[in-house]
Amino acid sequence: MTEDTPAGESFVSHLVELRDRLLRSLIAIGVIFGALAIYPGPGAIYDFLAAPLTAALPQGTKMVAIGVITPFMVPLKVMGMVAFVLALPYVLYQAWAFVAPGLYEHERRLGVPLIISSTVLFLLGMSFCYFFVFGQVFTFIASFAPKSITPAPDIEAYLSFVMTMFLAFGLSFEVPVAQVVLAKLGVVSVEKLKEWRSYFIVGAFVVAAIVTPPDVVSQLALAIPMCLLYELGLLASRLVTPRQVTENSVSS
């Protein structure tokens, strides 16, 4: 793009590029969605997602579908969610490729490490939620159910709960990435991040109390990893900004 390029033409070219990258991301998600529809299929994927809950239900109890088309639509929604998660690295790359030309060289070098670390941490958050938190939470809740009640959760309500929890844990595991980016770009110093530690701990427990079910198990399962990840982010921030730390210490 030259200096003589009109502002309107530049804006249109950016819109075209944004459209193309969104289209590529949607195509990638669609391809993975089609592959999952062939194998293992939407039913098998939903059964895997529902396994932690069904394991905590009384013997012989199954989930229910209240809506007429719910048994068809909910497994498709789950399959779409899985397709998006699997395509997440490519989607993040497309987003980064769109904004990278407007960044400085040292900022562009963060691209690949950020994409990899963000994807890995998000998947770790979802995995931690699925393999550890769900089992503990559903068992804890089932222990409080009166013997005169037979729980029969609705599959659509369960999907909404699962997506909320996955999003909460996935985003909370991105704390180190946010710290590294802020420190690397010079927005905040590592010393300032250390000063904010106590505020973050309080905030972590507040967020956990809001986004998780009203039980101590799930709240601690979200708040404690967030606090540990904040410490990991402090360590990583020191590793990526050694020169700045040294210069600050010398000048002081």
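Residues numbered from 1 in each chain as written. Predicted model: local features only at pLDDT ≥ 70, side-chain atom pairs only at ≥ 80, totals over all residues. Heavy atoms only, no water.

Enquirer: Help me understand the overall build of the protein in this model?
Expert: Within the protein one finds twelve helices and zero strands. Its helices and strands taken in sequence order, the protein reads α-α-α-α-α-α-α-α-α-α-α-α from the N to the C terminus. With the C-alpha coordinates of the protein rotated into their principal frame, the extents come out at 70 × 45 × 30 Å. For the protein, the proportion of its 252 residues judged to be buried stands at 36%. Put simply, of all contacts in the protein between residues at least 6 apart along the chain, 83% involve residues at least 24 apart. Looking at the protein as shown, the accessible area adds up to about 15,000 Å², and 71% of this sits on carbon and sulfur atoms. (Helix = DSSP H or I, 4+ residues; strand = E, 2+ residues; numbered from the N terminus. Buried < 20%, exposed > 50% of the residue type's maximum accessible area, 1.4 Å probe, protein only. Contact = heavy atoms within 4.5 Å. Areas by Shrake-Rupley, 256 points an atom, 1.4 Å probe, with all protein chains shown as cover.)

Enquirer: Sorry, what's going on with helix α2 (residues 42-56) here?
Expert: Since there are 3.6 residues in each turn of an α-helix, residues three or four apart along the chain are aligned in direction. Helix length check: α2, at 15 residues, gives a terminal C-alpha distance of 22 Å against a target of 21 Å (1.5 Å per residue), a fit within 8%. At A50, α2 is deflected by roughly 55°, the largest bend along its length, and proline P52 occurs up to four residues later in sequence. (Expected span 1.5 Å × (residues − 1). Bend = angle between axes of the 7 residues up to and from the residue.)

Enquirer: Please clarify how the side chain of Q179 should be interpreted in this entry.
Expert: With respect to the element layout, Q179 can be found in helix α8 (residues 175-184). Note on Q179: relative accessible area 3%, which makes it buried. Every residue in contact with Q179, bar those within four places of it in the chain, is listed here: L193, L229, Y230, G233, L234 and S237.

Enquirer: Would you take a moment to explain the packing of α2 against helix α3 (residues 70-86) for this structure?
Expert: The geometry of α2 relative to α3 is characterised by a closest axis approach of 8 Å and an angle of 80° between their N-to-C directions. As the angle between them shows, α2 and α3 are arranged roughly perpendicular. Along the contact surface, α2 presents P42, I45, Y46 and L49, while α3 presents V74, P75, L76, V78, M79, M81 and V82. Of the residues in the contact of α2 with α3, the class split is eleven nonpolar, no polar and no charged. (Axes fitted to C-alpha atoms, helices over the stretch in contact; angles between N-to-C directions. Parallel < 35°, antiparallel > 145°, perpendicular 65-115°, else oblique. Nonpolar A, V, L, I, M, F, W, Y, C, P; charged D, E, K, R; others polar.)

Enquirer: When you look at unusual backbone geometry in this model, what are you seeing that I'm missing?
Expert: Excluding glycine, residues mostly have negative phi values, and the peptide bonds linking residues are mostly trans. At the junction of Y39 and P40, the peptide bond is cis and its omega measures out at 5° in the coordinates. Within the element layout of this structure, P40 appears in the loop between α1 (7-38) and α2.

Enquirer: So what exactly am I meant to see when it comes to the environment of L193 here?
Expert: Position of L193 relative to the elements: it lies in helix α9 (residues 190-195). Along the sequence, L193 and E231 sit 38 residues apart, while their C-alpha atoms lie 9.7 Å from each other. Discounting chain neighbours no more than four positions away, the residues touching L193 are Q179, V188, Y230, L234 and S237.

Enquirer: Can you help me understand a nonpolar patch on the surface in this one?
Expert: Residues F11, V12, L15, V16, L18 and L22 make up a contiguous nonpolar surface patch of roughly 520 Å² in combined accessible area. Take L15: it is sitting in helix α1. (Patch = residues over 30% accessible without salt bridge, like charges linked within 9 Å, V, L, I, M, F, W, Y side chains within 5 Å. Salt bridge = Lys/Arg side-chain N within 4 Å of Asp/Glu carboxyl O.)

Enquirer: Sorry if this is basic, but what is going on with the packing of helix α4 (residues 88-99) against helix α6 (residues 111-144) here?
Expert: Helix-helix packing is characterised by the crossing angle of the two axes and by the distance between the axes. At their nearest, the axes of α4 and α6 sit 10 Å apart, and the two run at 145° to each other. Viewed along their axes, α4 and α6 form a crossing whose handedness is right-handed. When α4 is examined against α6, the residues L88, P89, L92, Y93 and W96 are found in contact with a partner set consisting of G111, L114, I115, S118, T119 and F122. Looking at the contact of α4 with α6 residue by residue, the classes come out as eight nonpolar, three polar and no charged. (Left-handed = near helix turned anticlockwise from the far one by under 90°.)

Enquirer: Sorry, what's going on with the nonpolar core here?
Expert: For soluble globular proteins, nonpolar side chains are generally found buried alongside one another. With 55 residues, the main nonpolar core has Y46, L49, M63, F134, Y158 and F166 as its most contacted residues. Ranked by residues supplied to this core, first place goes to α6 with eleven residues. Dropping the residues within four chain positions of it, L49 is found in contact with V78, M81, Y130, Y158, L159, V162 and F166. (Core = buried A, V, L, I, M, F, W, Y, C linked by side-chain atoms within 4.5 Å.)

So far we have only geometry, and geometry alone does not tell us how the molecule works.
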